[in-house]
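Examination of the molecular architecture
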Amino acid sequence: MNLQNIDFSNPTTEAILALAVLAVILIVAAIIHQQRKAARLRRNFGAEYDRAVLEHGSERKAQTILAEREERIHKLNIRELGDVQRERFVADWAAVQSRFVDFPKGALIEADELVTSLLRARGYPVSGFEQGLEDISVDYPRLVDHYRSAHGVALLAARGEASTEELRNAMIQYRAIFDEVAKVDTRADSRSTPVRAVPTHVAR
């Protein structure tokens, strides 16, 4: 059936059928588009996608919110650290980590603050923990659970309620966040060799 040869001003059976076929095509295309969008968001956000679905009560709402996060981050000027900046942050991290043995609670709170400063230096406008969490979920979805957990322990530490094991695990989580965002490896700390730089925003 050639849709171009149909006179749609004359509501014949053939024209009605053609309109019905066209409507079905558009519906199928919309469904395919939605499925591809959902698959992309699930792939990019990982566990954060499932968490958003549970939090907002539906996949459609979660997809809208996660897509808005992507759009917001893509409008920002996310930048790499310069060599001098990176060295300064690495030195600050080494100082915080060295204080952990004698002052674990204070060191963990400092680690929390240092990660926030690092995100700001990269161009993420962290105006609060929840905003920072949403920001890194776009480019660093694997770090979201680490950040959420470590920050929770930092809040407990500030109230004197965190156990030694919680403090130790949170410090390890903050180190993982620091290393990936700063693109260094502080585990062996020989002034932390920068890791291979990767694009801030991968093709989606």
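**As for the overall build of the chain**
- Within the chain, the regular secondary structure consists of 8 helices and 0 strands.
- Traced from its N-terminal end to its C-terminal end, the chain shows the element sequence α-α-α-α-α-α-α-α.
- Look at the contacts in the chain between residues 6 or more apart in sequence, and 61% of them connect residues 24 or more apart.
- Of the roughly 11800 Å² of accessible surface on the chain, 56% is carried by carbon and sulfur atoms.

**Re helix H2 (residues 47-56)**
- Looking only at H2, the buried set comprises Glu 48, Tyr 49, Ala 52 and Val 53. The buried residues of H2 all sit within an arc of 145° when viewed along its axis, so they share a single face. Along H2, the residues that are exposed and aim more than 90 degrees away from the buried face are Ala 47, Leu 54 and Glu 55.
- Positive phi shows up at Gly 57, right after H2, with a value of about 85°.

**Considering the pattern of salt bridges**
- According to the stated counting rule, one finds 14 salt bridges in the structure shown.
- Of the charged contacts in the structure, one is a salt bridge between Asp 50 and Arg 42, with a shortest N-O distance of 2.9 Å.
- For the salt bridge of Glu 71 with Lys 75, the shortest nitrogen-to-oxygen distance reads 3.5 Å.

**A few points about the confidence of the model for the chain**
- For the chain, per-residue confidence averages 82 on the pLDDT scale, and 82% of positions sit at 70 or higher.
- This stretch, residues 190-204, has a pLDDT under 50; its non-local contacts, to residues over four places away or in other chains, come to 34 contacts.

**Quick word on helix H8 (residues 164-182)**
- Taking 1.5 Å per residue as the helical rise, H8 with its 19 residues ought to reach 27 Å, and the 27 Å between its terminal C-alpha atoms agrees with that figure.
- Among the residues of H8, those classed as buried are Leu 167, Ala 170, Met 171, Gln 173, Tyr 174, Ile 177, Phe 178, Asp 179, Val 181 and Ala 182.
- Contacts from the buried residues of H8 go to helix H4 (83-99), helix H5 (104-122) and helix H7 (144-158).
- At the C-terminal side of H8, Lys 183 shows a positive phi close to 60°.

**As for the environment of Arg 187**
- Tracing the sequence through the fold places Arg 187 in the segment after H8.
- A residue is classified by how much of its surface remains accessible, and Arg 187, at 61% relative accessible area, is exposed.
- Distance in space between the C-alpha atoms of Arg 187 and Arg 175 is 8.2 Å, their sequence separation being 12 residues.
- Aside from chain neighbours lying at most four places away, what touches Arg 187 is Arg 175 and Asp 179.

**Points about the environment of Ala 95**
- Structurally, Ala 95 is set in helix H4.
- The spatial distance from the C-alpha of Ala 95 to the C-alpha of Ala 107 is 9.0 Å, given a sequence separation of 12 residues.

**Description of a nonpolar patch on the surface**
- Residues Leu 17, Val 21 and Ile 25 make up a contiguous nonpolar surface patch of about 250 Å² in total accessible area.
- By secondary structure assignment, the location of Val 21 is in helix H1 (residues 13-45).
- Val 21 gets classed as partly exposed once you look at its relative accessible area, which sits at 37%.

**Focus on the packing of aromatic side chains**
- Per the stated rule, a full pass over the model turns up 2 aromatic pairs.
- Here the aromatic rings of Phe 129 and Tyr 147 are separated by 5.0 Å at their centres, their planes lie at 70°, and the arrangement is edge-to-face. Here the residue Phe 129 occupies a position in helix H6 (residues 129-139), and Tyr 147 occupies one in helix H7, the gap between them amounting to 18 residues. Here the two residues Phe 129 and Tyr 147 agree in accessibility, since each one is buried.
- Here the guanidinium or amino end of Arg 88 rests over the ring plane of Phe 89, the centre of that ring lying 4.6 Å away.

**A few points about unusual backbone geometry**
- You will see that Lys 183, though not glycine, has its phi angle at about 60°, which is positive.
- Residue position: Lys 183 is located in the segment after H8.

**What to know about the packing of H2 against helix H3 (residues 59-74)**
- Where H2 contacts H3, the two axes come as close as 8 Å, and the packing angle between them is 125°. Classed by the angle they form, the pair H2 and H3 counts as oblique. Seen along the crossing, H2 lies across H3 with a hand that is right-handed. Side by side, H2 and H3 meet where Glu 48, Tyr 49, Ala 52, Val 53 and His 56 of the first sit next to Glu 59, Lys 61, Ala 62, Gln 63, Ile 65, Leu 66 and Arg 69 of the second.

The rules behind these values
- Residues numbered from 1 in each chain as written.
- Predicted model: local features only at pLDDT ≥ 70, side-chain atom pairs only at ≥ 80, totals over all residues.
- Heavy atoms only, no water.
- Helix = DSSP H or I, 4+ residues; strand = E, 2+ residues; numbered from the N terminus.
- Contact = heavy atoms within 4.5 Å.
- Areas by Shrake-Rupley, 256 points an atom, 1.4 Å probe, with all protein chains shown as cover.
- Buried < 20%, exposed > 50% of the residue type's maximum accessible area, 1.4 Å probe, protein only.
- Arc of directions from axis to C-beta.
- Salt bridge = Lys/Arg side-chain N within 4 Å of Asp/Glu carboxyl O.
- pLDDT = per-residue confidence, 0-100.
- Expected span 1.5 Å × (residues − 1).
- Patch = residues over 30% accessible without salt bridge, like charges linked within 9 Å, V, L, I, M, F, W, Y side chains within 5 Å.
- Phe/Tyr/Trp six-rings, centres within 6.5 Å; stacked < 30°, edge-to-face > 60°.
- Lys NZ or Arg CZ within 6 Å of the ring centre and 35° of its normal.
- Axes fitted to C-alpha atoms, helices over the stretch in contact; angles between N-to-C directions.
- Parallel < 35°, antiparallel > 145°, perpendicular 65-115°, else oblique.
- Left-handed = near helix turned anticlockwise from the far one by under 90°.

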